[in-house]
Amino acid sequence: MKTLNTSHSNENKSLLIWKIAIGSTISWEIAQLLGSHHPYLAPLSVILCVQSTFNKSVRISIKRIVGTVIGIFVTVLITSHVKITGINLGLIILLGCYITKWLKFDKIAIHHTAITILFVFVFEHKTKHYAIDRMRDTLIGIVVIVLIQLVWSLIMKRNKSQ
């Protein structure tokens, strides 16, 4: 019995690795094609949002979008008025995460808000298009992984019915 479980577990890990690799490749290329200066952000969404099932991937993708939108919104409004310091970063994270909590989103959305604030806070000062790239590339990565998950779940459903 243990051999069967180990074999199934290794099969699932291999499938996860393939989904991450294929999704990362496709999303990077699409992001570059659409003019991103930060195409690595699209595979980041693939890597963070791929889950064991289509529904789980969609749920975490929605939370990533919510966190990204809130994080960008809060940070872009404030960053032009403050210097890059640890204290300012902490205050903006505090504000953004409390907004996310106030809007009744869970811990995963709060984490994505904080991650977005961190990177937008730092990189928007250096490249004025980071926030736009962040939003566009996040959406690209999410669309790619959701489509991969959808195709895979349809294939699996079809195989089970035969």
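Residues numbered from 1 in each chain as written. Predicted model: local features only at pLDDT ≥ 70, side-chain atom pairs only at ≥ 80, totals over all residues. Heavy atoms only, no water.

Listed under Subcellular location (unreviewed entry) in UniProt, the entry text for the protein chain is "Cell membrane". (UniProt positions renumbered as here; feature names shortened; annotations may be inferred.)

Asks: Give me the lowdown on the overall build of the protein chain, citing residues and values where you can.
Replies: Across its full length, the protein chain holds six helices and zero strands. When the helices and strands of the protein chain are read in sequence order from the N terminus, they spell out α-α-α-α-α-α. Taking the principal axes of the C-alpha coordinates as reference, the protein chain spans close to 60 × 35 × 25 Å. Here the protein chain holds 162 residues, and the buried ones make up 35% of them. Within the protein chain, contacts between residues at least 6 apart in sequence are counted, and of these 71% link residues at least 24 apart. (Helix = DSSP H or I, 4+ residues; strand = E, 2+ residues; numbered from the N terminus. Buried < 20%, exposed > 50% of the residue type's maximum accessible area, 1.4 Å probe, protein only. Contact = heavy atoms within 4.5 Å.)

Asks: Pulling in residues and values, what's your account of the pattern of salt bridges?
Replies: This model, assessed by the stated rule, comprises three salt bridges. Residue Lys63 is joined to Asp106 by a salt bridge in which the shortest nitrogen-to-oxygen separation is 2.5 Å. With Lys63 in helix H3 (residues 54-79) and Asp106 in the loop between helix H4 (86-102) and helix H5 (107-126), this residue pair connects regions lying 43 residues apart in the sequence. Between Asp133 and Arg136 there is a salt bridge whose closest N-O contact spans 2.4 Å. Note that Asp133 and Arg136 are positioned in helix H6 (residues 130-161) at a spacing of three residues, about one turn of the helix. Take Arg136: its relative accessible area is 23%, and that puts it in the partly exposed class. (Salt bridge = Lys/Arg side-chain N within 4 Å of Asp/Glu carboxyl O.)

Asks: Give me the lowdown on the nonpolar core, citing residues and values where you can.
Replies: Within soluble globular proteins, side chains that are nonpolar generally end up buried alongside one another. Grouped together as the largest cluster of nonpolar side chains are eight residues: Val66, Ile70, Val74, Leu89, Ile92, Ala109, Ile117 and Phe121. The set of elements that each furnish at least two residues to this core consists of H3, H4 and H5. Residues contacting Ile117, with those up to four places away along its chain left out, are Gly71, Thr75, Leu89, Ile92, Ile93 and Gly96. Formed by seven residues, the second largest nonpolar core is a distinct cluster that contains Val46, Cys49, Ile60 and Ile142. (Core = buried A, V, L, I, M, F, W, Y, C linked by side-chain atoms within 4.5 Å.)

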